[in-house]
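Survey of secondary and tertiary structure
Spelled out, the chains give:
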Amino acid sequence: MLPLQVLRHVWARWGAWYKRQPLDYIRHYFGEKIGIYFCWLGVYTTFLWPAAAVGLLVFIIGCGLSGDDIPSQDICNDVNETVFYMCPPCDVSCDFFFLREACYYAQAAFLFDNGATVFFAAFMCVWAVFFLEYWKRTEIRQAYRWDVLGYEEQEEQPRAVFEATVKTKKENPVTGRLESYVPSFVKSGKLCRAVAVVIFFVSCALRLM
């Protein structure tokens, strides 16, 4: 099997999401730089499991304690439904509202801002230190295994797809060699289309708010 076929079979498919990454195959096909990146990505994803577990536990604790939060109880009290009339949160399109209408937001805010979140913040500080130190050891070990400890980054070669797609050539003023070149008007056209798409989706998001 070709290297790309091996990667598709053992790595780039949904059924292999739980398996260890074939870093050696990735390195042989993409190079050491990309191999180290996916090595980091694997370590980072693995370290996210305990952080996610603790975060879920803190969220569940917040749900259990939400009924004892006095500020939320005061806001959600039915007695105050038409008693407290609040000022608009903005100057243009906002209107006056009753305090009772903010009940949902008060309860939701408590889920992410309670006593347990202080513990989670301290846990994430320790988690970040352990992750950084473990990655340093893993990176050195992987670099030694691939014999790239003294590796110095060389000039990145253009991708084969880019070379095959771009037909325009231009002399490099530094090396004097002809290199593939994308004209400025082509870059500007692609940039304008990308900006237009971003503006469109941002406008849709603001419209739905």
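Residues numbered from 1 in each chain as written. Predicted model: local features only at pLDDT ≥ 70, side-chain atom pairs only at ≥ 80, totals over all residues. Heavy atoms only, no water.

**Some thoughts on the overall build of the chain**
Of the regular secondary structure elements, the chain holds eight helices and four strands. Tracing the chain from N to C terminus, the helices and strands come up as α-α-α-α-β-β-α-α-α-β-β-α. For the chain, the residues scored as buried account for 21% of the 209 residues in total. In the chain, of all internal contacts separated by at least 6 residues, the share reaching a separation of at least 24 is 49%. When the accessible surface of the chain is split by element, carbon and sulfur atoms take 65% of a total near 16600 Å². (Helix = DSSP H or I, 4+ residues; strand = E, 2+ residues; numbered from the N terminus. Buried < 20%, exposed > 50% of the residue type's maximum accessible area, 1.4 Å probe, protein only. Contact = heavy atoms within 4.5 Å. Areas by Shrake-Rupley, 256 points an atom, 1.4 Å probe, with all protein chains shown as cover.)

**Observations regarding the side chain of S180**
Mapped onto the fold, S180 is located in strand β4 (residues 178-180). S180 gets classed as buried once you look at its relative accessible area, which sits at 17%. At 3.2 Å, the side chain of S180 forms a polar contact with the side chain of K169. Not counting residues within four places of it along the chain, the set of residues in contact with S180 comprises F162, E163, V166, T168 and K169. (Polar contact = N/O pair within 3.5 Å; in protein donor to acceptor, adjacent residues only side chain to side chain.)

**A closer look at the confidence of the model for the chain**
Overall, the predicted model of the chain reaches an average pLDDT of 81, with 80% of residues at or above 70. The weakest mean pLDDT in the chain belongs to strand β1 (residues 85-86) at 64; the strongest belongs to helix α6 (residues 115-145) at 92. (pLDDT = per-residue confidence, 0-100.)

**Some words on the packing of aromatic side chains**
Any two aromatic rings considered together are summarised by their centre-to-centre distance and by the angle between their planes. Under the defined criterion, the tally for this structure stands at 13 aromatic pairs. Ring geometry for Y44 versus F131: centroids 5.6 Å apart, planes at 65°, classification edge-to-face. With Y44 in helix α3 (residues 32-65) and F131 in helix α6, the pair connects residues that are 87 residues apart, well separated along the chain. Overall, the relative accessible area of 29% leaves Y44 in the partly exposed class. For the pair F200 and F201, a centre-to-centre distance of 5.3 Å together with 75° between the ring planes defines the contact as edge-to-face. Taken together through their ring pairs, the aromatic side chains of W11, Y37, F38, W40, Y44, F47, W127, F131 and Y134 make up a single cluster. Here the guanidinium or amino end of K170 rests over the ring plane of Y181, the centre of that ring lying 4.6 Å away. (Phe/Tyr/Trp six-rings, centres within 6.5 Å; stacked < 30°, edge-to-face > 60°. Lys NZ or Arg CZ within 6 Å of the ring centre and 35° of its normal.)

**Structural notes on the packing of α3 against α6**
The contact between α3 and α6 brings their axes to 10 Å, and the two run at 165°. Between α3 and α6, the interaxial angle falls into the category roughly antiparallel. In terms of crossing hand, the pair formed by α3 and α6 is right-handed. Along the lines of polarity and charge, the residues of the contact of α3 with α6 split into 22 nonpolar, four polar and one charged. (Axes fitted to C-alpha atoms, helices over the stretch in contact; angles between N-to-C directions. Parallel < 35°, antiparallel > 145°, perpendicular 65-115°, else oblique. Left-handed = near helix turned anticlockwise from the far one by under 90°. Nonpolar A, V, L, I, M, F, W, Y, C, P; charged D, E, K, R; others polar.)

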